[in-house]
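# Chains, contacts and geometry: an overview
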Amino acid sequence: MFRLREGRQVQEPLSSAYLVIQQGSQAGRRVEIYKDHTTLGRSRDCDIFLEDVTVHRKQASIIYTRAGYVLRDEHGSGDSLVNGRPVREQLLSDGDHLLFGTTQLIWCVAKTYDRTQRVGSDPSRCV
């Protein structure tokens, strides 16, 4: 990914942010966040497809900002949860627990990034 810094283009490392699906039909799956605006939902048009009939077609978005990654509830019904609380928009922190329908995920931000890194034996923790 390239970003402008001080008027010149510099290459930044690939995303160091990812989600680990903890509960649901895709449990154990690691999903890297590689776009500035990533959509999540039941629709196959979303960047991250959640195979869960209790999730809205377009449930939420994860947006990269200067402050960090922000989760935005796109449906507006308050059924996107971060650490057990309904949110409309929330700055995400490493280790936050997300819940959409019956699908539980954990938000992870690695300080260093290794493409060969795999989810550890304890999927409730970030690697």
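Use the structure listed above.
Residues numbered from 1 in each chain as written. Predicted model: local features only at pLDDT ≥ 70, side-chain atom pairs only at ≥ 80, totals over all residues. Heavy atoms only, no water.

To describe a pair of aromatic rings, one takes the distance between the centres and the angle between the planes. Taken as a whole and assessed by the stated rule, the structure comprises 2 aromatic pairs. Ring geometry for Tyr64 against Tyr69: centres 5.0 Å apart, planes inclined by 65°, an arrangement best described as edge-to-face. For Tyr64, a relative accessible area of 34% gives the class partly exposed. Given a relative accessible area of 15%, Tyr69 falls into the buried group. Across from the ring centre of Phe49, 4.2 Å away, lies the NZ or CZ of Arg44, which sits over that ring. (Phe/Tyr/Trp six-rings, centres within 6.5 Å; stacked < 30°, edge-to-face > 60°. Buried < 20%, exposed > 50% of the residue type's maximum accessible area, 1.4 Å probe, protein only. Lys NZ or Arg CZ within 6 Å of the ring centre and 35° of its normal.)

Turning next to the sheet that holds strand E12 (residues 97–100). The sheet built from 6 strands is open, its strands ordered E4-E3-E13-E12-E9-E10 with antiparallel pairing. Looking along the sheet, the strands with just one partner apiece sit at the ends: strand E4 (30–33) and strand E10 (85–86). Direction of pairing for strand E3 (residues 17–23) relative to strand E13 (residues 103–109): antiparallel, over a ladder of 6 bridges. Pairing of Ala17 across the sheet is with Val109, part of E13. (Pairing = 2+ DSSP bridges. Helix = DSSP H or I, 4+ residues; strand = E, 2+ residues; numbered from the N terminus.)

Turning our attention to the side chain of Thr39. With respect to the element layout, Thr39 can be found in strand E5 (residues 37–41). Leave out the neighbours within four places in its chain, and Thr39 touches Asp45, Cys46, Asp47, Ile48, Lys58, Ala60 and Ser61. (Contact = heavy atoms within 4.5 Å.)

Once that is clear, we can look at the environment of Arg85. Position of Arg85 relative to the elements: it lies in strand E10. Counting along the chain gives 12 residues from Arg85 to His97, while the straight-line C-alpha distance between them is 9.9 Å.

Our focus in this paragraph is the pattern of salt bridges. All chains considered together, the criterion is met by 2 salt bridges. Across the pair Lys35 and Asp47 runs a salt bridge whose closest N-O atoms are separated by 2.8 Å. Separated by 12 residues along the polypeptide, Lys35 in the loop between E4 and E5 and Asp47 in the loop between E5 and strand E6 (48–49) bring together distant segments of the chain. Since its relative accessible area comes to 32%, Asp47 is described here as partly exposed. Across the pair Glu89 and Arg72 runs a salt bridge whose closest N-O atoms are separated by 3.1 Å. Of the two residues, Glu89 sits in strand E11 (residues 89–91) while Arg72 sits in strand E8 (residues 68–73), which places them 17 residues apart along the sequence. (Salt bridge = Lys/Arg side-chain N within 4 Å of Asp/Glu carboxyl O.)

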